[in-house]
Amino acid sequence: MIRLTNFSIDAPRWDQNTFVGRLKHFFNITDPRTVLVSEHELDRAKALVESCRAGLVPPGTSQKQLFYAKKLYDSAFHPDSGEKMNLIGRMSFQVPGGMAITGFMLQFYRSVPAVVFWQWVNQSFNALVNYTNRNAACPISLTQIGVAYVSATSTALVTAVGLNLYTKRAPPLVARWVPFAAVAAANCVNIPMMRQQELINGIMVTDEKDRELGYSRVAAAKGITQVVVSRIVMAAPGMVLLPILMERLEKLSFMKRIQVLHAPLQVMLAGGFLLFMVPVACSLFPQRWYQPRSFSLPENPSPDLSSEYPRGCRHLLERPCLSLGTWSS
């Protein structure tokens, strides 16, 4: 083993205070190719990351190998607990999983049974992602998970079926946008319900030295709101622009002859949108941010620490990000 002195594997490779820096970071760790990596290789990557954290790595290990190991580690292991996440719940699975569900939701939007089935599949997928990337510091019971799942699924179904019936006489393109409305509405219910413990108890607020100051419900509300916005933005381009594209394509004579390929085509196009929108949506907001003292002090700050700070000092807030911070974005 060799000892490292000036290398920190947990230090960000790109500036996380800028959108471009965050975008590079999330393009790296949401790479869908990592879902094909074997369990053995993931375990080796974790062992190498932990060795590097301890300051020891095998002789001959290059920095490039360390960065790749960290990429695999971040893509497959929970940032709080260090436990390996289930494959479907990983953010690197958002493209292959999301493209199939999104494509079929957009293709089979006419019949009520198909709408019900694909909205149920989508909410089941979202619930698993949210649970997998939950904040490990704020545990949630099986009852709360069940309530969140049923609430989000019911919201999606009521929205989708209601709008589907309402738009029977509307232009075809309007009906194609119903799945997006249902997804957006469900996200507004699913995420707050799945992370309700953070809203009830707050999330930890720290200072620049990472000293814990207490729990803040205001910070939790802001962070969860950003998660909701990010998830909706993630879905919006594909579910809004793709129907316009398909509406035009389906009028072409050669497309009318290959109707059986319309669904696979929508799936592939949805994957193209998600390939870019997953990292873009995760990059919208920083994983950590600074706020003035008046905002960031928790409702019940630690008296031993809060008295040390003069008015106007800046405290660090950790937010429950998309599936990758305490998510996860």
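Calculation notes
- Residues numbered from 1 in each chain as written.
- Predicted model: local features only at pLDDT ≥ 70, side-chain atom pairs only at ≥ 80, totals over all residues.
- Heavy atoms only, no water.
- Helix = DSSP H or I, 4+ residues; strand = E, 2+ residues; numbered from the N terminus.
- Areas by Shrake-Rupley, 256 points an atom, 1.4 Å probe, with all protein chains shown as cover.
- Axes fitted to C-alpha atoms, helices over the stretch in contact; angles between N-to-C directions.
- Parallel < 35°, antiparallel > 145°, perpendicular 65-115°, else oblique.
- Left-handed = near helix turned anticlockwise from the far one by under 90°.
- Contact = heavy atoms within 4.5 Å.
- Nonpolar A, V, L, I, M, F, W, Y, C, P; charged D, E, K, R; others polar.
- Expected span 1.5 Å × (residues − 1).
- Bend = angle between axes of the 7 residues up to and from the residue.
- Polar contact = N/O pair within 3.5 Å; in protein donor to acceptor, adjacent residues only side chain to side chain.
- Salt bridge = Lys/Arg side-chain N within 4 Å of Asp/Glu carboxyl O.
- Buried < 20%, exposed > 50% of the residue type's maximum accessible area, 1.4 Å probe, protein only.
- Patch = residues over 30% accessible without salt bridge, like charges linked within 9 Å, V, L, I, M, F, W, Y side chains within 5 Å.
- Core = buried A, V, L, I, M, F, W, Y, C linked by side-chain atoms within 4.5 Å.
- Phe/Tyr/Trp six-rings, centres within 6.5 Å; stacked < 30°, edge-to-face > 60°.

A. Layout of the overall build of the chain. When helices and strands are counted, the chain shows 14 helices and six strands. Carbon and sulfur atoms make up 63% of the accessible area of the chain, which totals about 15,800 Å².

B. Seen up close, the packing of helix H2 (residues 39–53) against helix H3 (residues 63–76). Running from N to C, H2 and H3 point in directions that differ by 115°, and their axes come no closer than 8 Å. Taken together, the axis directions place H2 and H3 in an arrangement best described as roughly perpendicular. Handedness of the H2/H3 crossing: left-handed. Of the residues in H3, those touching H2 at Glu41, Leu42, Ala45, Lys46, Leu48, Val49, Cys52 and Arg53 are Gln65, Leu66, Tyr68, Ala69, Lys70, Leu72, Tyr73 and Ala76. Split into classes, the residues belonging to the contact of H2 with H3 amount to 11 nonpolar, one polar and four charged.

C. Spotlight on helix H10 (residues 217–249). Its 33 residues place the ends of H10 48 Å apart at the C-alpha level, agreeing with the 48 Å of an ideal helix rising 1.5 Å per residue. Residue Ala236 marks the point of greatest curvature in H10, where the axis turns by about 35°; the proline Pro237 follows within four residues. At the N-terminal end of H10, a side-chain oxygen is found 3.4 Å from the backbone nitrogen of Val218, two or three residues along, and the residue is Ser216.

D. Summary view of the pattern of salt bridges. A complete count under the given rule lists 11 salt bridges for this structure. One salt bridge in this structure joins Asp31 and Arg33, with 2.8 Å as the shortest N-O distance. Residue classification places Arg33 among the exposed positions, given a relative accessible area of 61%. Each member of the salt-bridge network shares a partner with another, and the members are Asp10, Arg53, Lys70 and Asp74.

E. Focus on helix H1 (residues 19–29). Taken residue by residue, H1 has Gly21, Arg22, Leu23, Phe26, Asn28 and Ile29 as its buried positions. Packed against the buried residues of H1 are H3 and helix H12 (262–283).

F. Focus on a nonpolar patch on the surface. A contiguous nonpolar patch, built from Phe27, Leu275 and Phe276 and spanning about 280 Å² of accessible area, is present on the exposed surface. Residue position: Phe276 is located in helix H12.

G. Broad picture of the nonpolar core. Counting residues in hydrophobic clusters, the biggest one holds 29 residues, and the most contacted among them are Met234, Met239 and Val278. Those elements that provide at least two residues to this core are H1, helix H4 (94–107), helix H5 (112–132), helix H8 (178–194), H10 and H12. In this structure, Ala45, Val57, Phe67 and Tyr73 belong to the second largest nonpolar core, which totals 16 residues.

H. Representation of the packing of aromatic side chains. On inspection of all chains with the given rule, the structure shows seven aromatic pairs. Judged by centre distance (6.1 Å) and plane angle (80°), the rings of Phe27 and Phe276 are edge-to-face. Placement of Phe27 in helix H1 and of Phe276 in helix H12 is noted, with a sequence separation of 249 residues between them. For the pair Phe104 and Trp118, a centre-to-centre distance of 4.8 Å together with 20° between the ring planes defines the contact as stacked. Taken together, the residues span a long stretch of sequence, with Phe104 in helix H4 and Trp118 in helix H5 at a distance of 14 residues. The buried category is assigned to Trp118, whose relative accessible area is 18%. Every member of this aromatic cluster is reached through a ring pair, and the members are Phe104, Phe108, Phe117, Trp118 and Trp120.

I. Looking closely at the side chain of Ser283. As for its position among the elements, Ser283 is in helix H12. On the basis of relative accessibility, which here comes to 0%, the residue Ser283 falls in the buried class. Excluding its chain neighbours within four sequence positions, the residues that come into contact with Ser283 are Phe19, Arg22, Leu23 and Phe26.

J. Main features of the packing of H1 against H12. Relative orientation of the contacting elements H1 and H12 amounts to 130°, with a least axis distance of 8 Å. If you check the angle between H1 and H12, you find them oblique. In this structure, the crossing between H1 and H12 has a hand that is right-handed. Of the residues in H12, those in contact with Phe19, Arg22, Leu23, Phe26 and Phe27 of H1 are Leu275, Phe276, Pro279, Val280, Cys282 and Ser283. Grouping the amino acids of the contact of H1 with H12 by side-chain chemistry returns nine nonpolar, one polar and one charged.

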